[in-house]
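Geometric and topological summary
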Amino acid sequence: MSRQSAESLAEQARAAEDGAVDEALALVNEARAADDRGAGRAALPGAAGSGTGRAGAGSPGTGRPGTGRGSAERSRRTEPATPTSHMHNPDRPEDPARHSAPSDPGSDSQHRAAPWSAARAVAGRAGRAAAALRGRAAERREPLDRALGLTLAEPLAALSDLPSFDTSAMDGWVVAGPGPWDVRAEGVLAGQDRPAPLSDGEAVQIATGARVPRDATAVIRSEHGRTDDKGRLFALRDVGHGQDIRPRGQECRSGDQLLPSGALVTPAVLGLAAAAGYDALLTVARPRTEVFVLGDELLSEGLPREGLIRDALGPMLPPWLRALGAEVSSVRRLGDDPKALLKAVQASDADLIVTTGGTASGPVDHVHPTLSRVDAELLVDGVAVRPGHPMLLARTKEGQHLVGLPGNPLAAVSGLLTLAEPLLRILAGRPEQESYTVPLQEAVHGHPHDTRLVPVVVRGERALPLRYSGPAMLRGIAAADGLAVIAPGGAKAGREVEILDLPWSWNPAGGDGSDGPAGRCFT
């Protein structure tokens, strides 16, 4: 396939994805508008995630997240249409045009959460818009020892032939013409420039990587030759012309493209770049991220005591964000102080702010009121996924976003992979991994209306669901290779399910030459 054809297909895929997101969010907004009319209130002017509506419901008609939203109103939610990629039960595809029942049948909720796949697509769209604003200003030329984990901002082209001269592939003797050969006293070592040429019937000892003398015909490995007491060399095997000689340009010629723009700089890429003549690489700078840990009940050290619990997210989020391609500039513990949160958000110059907790509607949940005060645009306000449905995504100002994670640890992981990962991947210039599916080894119970993300280990060709997958638990995810995407209604054993790789996991499905991708993490 030509590059132009591939780019055309990619553009068509993006257009189809945008159309699906617009359709899903239009359904959500239509339902919200109907509920608002039923409640005697004005409808929001734009769907969450449509790029036109503001967060929440402040003054009527403004679409901004007003501080006057009551806790009951903010907690209300019902489930929007299920995406076509999900199924209501393990045996029957879900009708994409049908609205599912409310996620909480006991509530009179009016807030409708975005479908999980649509929320991820909205985050990706936000990332593309922010990346376009960054443009070439996000490019940095980094020395090789600082480029690990970054993304190439331009193709990697060879600056010289590889190898740049004919070299010996083995320790032994380099010979000219047929044998036996008279062995010269001096040898040829790696690093020597232009050794003396050989005449037919001559040989000289040579080291691996050394430059081959002019007119040489082959290299005989040390174990494949012997010398007699007269200093003559005899081959113990047939000698083929050019054997164990790496000719100039065998790997590449100067100017050949070795890697495309957007390739992740791995240790192997650093080695290749150095071999090809590079001292520095033009890369996409890591998006800058700040983490604000909320909650007065959190301890930063010691054992839990007297109603206080250890902060699990403060230690977990920074390395996870770095694994997703971000630079974490600070981690701040703000407690349940609305003034401190507001001041921190207003002062931040990060590309992405990540908050933990405070996204629901309790008396100390201050994220929504803070977004209102900074005139933020709420793109995703709740996602139909378990755990993690109170997660949110907002545009706080041009080029800056905020991802609000639930306070429960596994719910926060769900939020990271749903909203932060698509946005950061695009800002960091990393390519999107192709999705893949693996059959379940055991059945998994589903939520009646929401997608579930369940920790799994992939062994051979099957995914084994792990225990300890409650929203407050980390025991399952700590042992997992990834998260299985379980459609509403659950999945039977043997059902193919999508797997979200963890950024540091090695996926056995992709490590043996099969189609699944192998995840790698370079922080």
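Conventions and cut-offs
- What you see as residue numbers is a count from 1 along each chain, following the sequence as written.
- Two thresholds apply to this predicted model, a pLDDT of at least 70 for residue-level local features and 80 or more for giving and counting side-chain atom pairs, whereas whole-chain, interface and lining totals are computed over all residues.
- Side-chain measures here rest on the full set of heavy atoms in the structure, leaving out hydrogens and waters.
- Only runs of H or I of at least four residues qualify as helices and only runs of E of at least two qualify as strands under DSSP, and these elements are numbered from the N terminus.
- Burial classification: accessible surface area is computed with a 1.4 Å probe over protein chains only, and a residue below 20% of its type maximum counts as buried, one above 50% as exposed, and the rest as partly exposed.
- To be clear on the numbers: accessible area is Shrake-Rupley with a 1.4 Å probe, and residue cover counts the displayed protein chains and nothing else.
- Here a polar contact means two N or O atoms within 3.5 Å. Within protein one must be a hydrogen donor candidate and the other an acceptor candidate, and residues neighboring in sequence count only if both atoms are side-chain atoms.
- One bridge is not enough; two strands pair if DSSP finds at least two bridges between them.
- Axis definition: a line fitted to C-alpha atoms, over the contacting stretch in the case of helices. Angles run 0 to 180 degrees between N-to-C directions.
- In what follows, a contact means two residues having at least one pair of non-hydrogen atoms within 4.5 Å.
- Each residue gets a pLDDT score, which is the predictor's confidence in that residue and runs from 0 to 100.
- Counted as salt bridges are all cases of a side-chain nitrogen of Lys or Arg within 4 Å of a carboxyl oxygen of Asp or Glu.

Focus: the overall build of the protein
- Counting its regular elements, the protein contains 9 helices and 30 strands.
- Here the protein holds 523 residues, and 50% of them are scored as buried.
- As displayed, the protein offers around 24,300 Å² of accessible surface, 50% of which is attributable to carbon and sulfur atoms.

A closer look at the side chain of S348
- You can see S348 is positioned in the loop between α6 (338-347) and β21 (352-356).
- For S348, a relative accessible area of 2% translates into the label buried.
- Within the structure, S348 has its side chain in polar contact with the side chain of E290 (distance 2.6 Å).

Remarks on the sheet that holds strand β5 (residues 151-152)
- Read from one edge of the open sheet, 3 strands run β4-β16-β5, paired in antiparallel fashion. Looking at which strands have only one partner, the edges of the open sheet turn out to be β4 (139-143) and β5.
- By the bridge criterion, 2 bridges tie β5 to strand β16 (residues 280-284) in an arrangement that is antiparallel. Bridged to L152 within β16 is T283.

Considering the sheet that holds strand β20 (residues 327-335)
- A sheet is described by the order of its strands in space; here 6 strands give the open sequence β20-β17-β21-β25-β24-β22, paired in mixed fashion. At either end of the open sheet lies a strand with only one pairing partner, and these are β20 and β22 (377-381). Strand-to-strand twist across the sheet, computed as the mean angle between neighbouring axes with direction ignored, equals 20°.
- Pairing geometry for β22 and strand β24 (residues 392-397), over 4 bridges, is antiparallel. From the neighbouring strand, E377 faces β24, where its bridge partner is R395.
- Across the sheet, helix α3 (residues 116-134) lies against β22, β24 and β25 (400-405), angled at about 150° from β22, the strand it touches most.

Some points on the confidence of the model for the protein
- Of all residues in the protein, 75% have pLDDT values of 70 or greater, and the mean over the chain is 80.
- By mean pLDDT, the top-scoring element of the protein is β25 (98), and the lowest-scoring one is helix α2 (residues 71-75) (32).
- Overall, residues 506-523 carries pLDDT values under 50, and its contacts beyond four positions in sequence, including any with other chains, amount to 48 contacts.

Describing unusual backbone geometry
- A cis amide bond links G179 to the next residue, P180, at an omega of 0°.
- Cis peptide bonds are those with omega within 30 degrees of zero, and the linkage from R386 to P387 qualifies with -5°.
- Considering the arrangement of structural elements, one finds P387 in the loop between β23 (383-386) and β24.
- One non-glycine residue with positive phi stands out, namely D244, at about 55°.
- Along the chain, D244 falls in the loop between β13 (232-235) and β14 (245-246).
- Phi at D375 takes a positive value of approximately 60°, unusual for a residue other than glycine.
- Along the chain, the position of D375 falls in the loop between α7 (367-373) and β22.
- With relative accessibility at 28%, the residue D375 sits in the partly exposed group.

Describing the pattern of salt bridges
- Applying the stated criterion to the full structure yields 18 salt bridges.
- The salt bridge involving E142 is made with R146; its shortest N-O contact spans 3.7 Å.
- What makes E142 buried here is its relative accessible area of 15%.
- In this structure, E377 engages R395 in a salt bridge whose closest nitrogen and oxygen atoms are separated by 2.5 Å. Note that E377 is positioned in strand β22 and R395 in strand β24, a separation of 18 residues in sequence.
- A relative accessible area of 8% places E377 in the buried class.
- R395 gets classed as partly exposed once you look at its relative accessible area, which sits at 21%.

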